[in-house]
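# Structural overview for review
Listed below, chain by chain, are the residues.
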Amino acid sequence: MTRRDKIVNFVIGTTDAVGFPIGIAFFSLQTIIPAFLARCGASEATVGALTGISSLLILAPGLLIVGALGRRPYLKGWLFWVALIERLVLLPLAFLAPMWGITHPSWLIIATFLCFCAHSLCMGFNIPAYWTVIAKSVSQHWRGRMFGVAGGIAGICTIGTERVLSTVVLGGPNGGFP
């Protein structure tokens, strides 16, 4: 791998490592989704169950798929398509929240569960591929720098995310809901 290849991979990896936390800040299972579910009338146990099930679905599938992924010569295609599905399964919530938010909040709670479980499952199947691609494309002595720089940039940018959420997403007469 040439120095130019290492730099390109570093920039691409850093861009991804910055974009993921910024994007997930808009639908975080630690902040936004619990508030959303509570607004729909979900109990604390329901909110906790979603967080627990999501964690299980993120962590467990990797154990099942890591062997099969290790035998594949290339993982870029897998990584791209599973990541695309991982994001698309959340898209229905953008349409269902305004449609069912006031009229059928219990349906919206179920839809949120289904969408997040599908998202977490896809993420669980993709995590081993992501780390394998990073390990193959970014030199070992550059990875720490890459994630350090990305974490710093993402941390600064997510401060702006809070501003966007409070004025655009959660603003208005109903507190952004639905």
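Residues numbered from 1 in each chain as written. Predicted model: local features only at pLDDT ≥ 70, side-chain atom pairs only at ≥ 80, totals over all residues. Heavy atoms only, no water.

## Let's talk about the overall build of the protein chain
The cut-off we apply is this: Runs of H or I in DSSP of at least four residues are treated as helices and runs of E of at least two as strands, each being numbered from the N terminus. The classification of residues rests on relative accessible area computed with a 1.4 Å probe and restricted to protein chains. Under 20% of the type maximum is buried, over 50% is exposed, and intermediate values are partly exposed. The contact criterion used throughout is that any non-hydrogen atoms of two residues lie within 4.5 Å.
Within the protein chain, the secondary structure is distributed over seven helices and zero strands. Each helix and strand of the protein chain, placed in order from N terminus to C terminus, yields the pattern α-α-α-α-α-α-α. Considered along the principal axes of its C-alpha atoms, the protein chain spans approximately 60 × 35 × 25 Å. A buried classification covers 34% of the 178 residues belonging to the protein chain. Pairs at least 24 residues apart make up 76% of the contacts formed inside the protein chain by residues separated by at least 6 positions.

## Section: the pattern of salt bridges
The test is simple: When a carboxyl oxygen of Asp or Glu is within 4 Å of a side-chain nitrogen of Lys or Arg, the pair counts as a salt bridge.
In the structure shown here, the tally under the stated rule is one salt bridge. Of the charged contacts in the structure, one is a salt bridge between R87 and E86, with a shortest N-O distance of 3.3 Å. The class of R87 is partly exposed, set by a relative accessible area of 43%. Given a relative accessible area of 4%, E86 falls into the buried group.

## Topic: the side chain of N126
The cut-off we apply is this: Within 3.5 Å is the distance limit for a polar contact, defined as a pair of N or O atoms, with the added protein rule that one can donate a hydrogen and the other accept it, and that residues adjacent in sequence qualify only through two side-chain atoms.
You can see N126 is positioned in helix α6 (residues 105-137). Overall, the relative accessible area of 5% leaves N126 in the buried class. Here the side chain of N126 touches W78 through a polar contact of 3.4 Å, side chain to side chain. Here N126 is in contact with W78, L79, V82, A83 and E86, once residues within four sequence places are set aside.

## Topic: the environment of P92
If you trace the backbone, P92 turns up in helix α5 (residues 91-100). As for P92 and A150, which are separated by 58 residues in sequence, their C-alpha atoms are 30 Å apart.

## Here's the deal with helix α1 (residues 3-24)
What counts is decided by this rule: By this rule the span expected of a helix is its residue count minus one, scaled by 1.5 Å. This arc is taken over the directions from the axis of the helix to the C-beta atoms.
Between its terminal C-alpha atoms α1 stretches 32 Å, which fits the 32 Å expected from 22 residues at 1.5 Å a residue. Buried within α1 are the following residues: F10, G13, T14, A17 and V18. For α1, the angular spread of buried residues about the axis comes to 130°, placing them on one side. Across α1 from its buried face, at more than 90 degrees, point the exposed residues R4, I12 and T15.

Everything listed is a geometric property; what it means functionally is a separate question.
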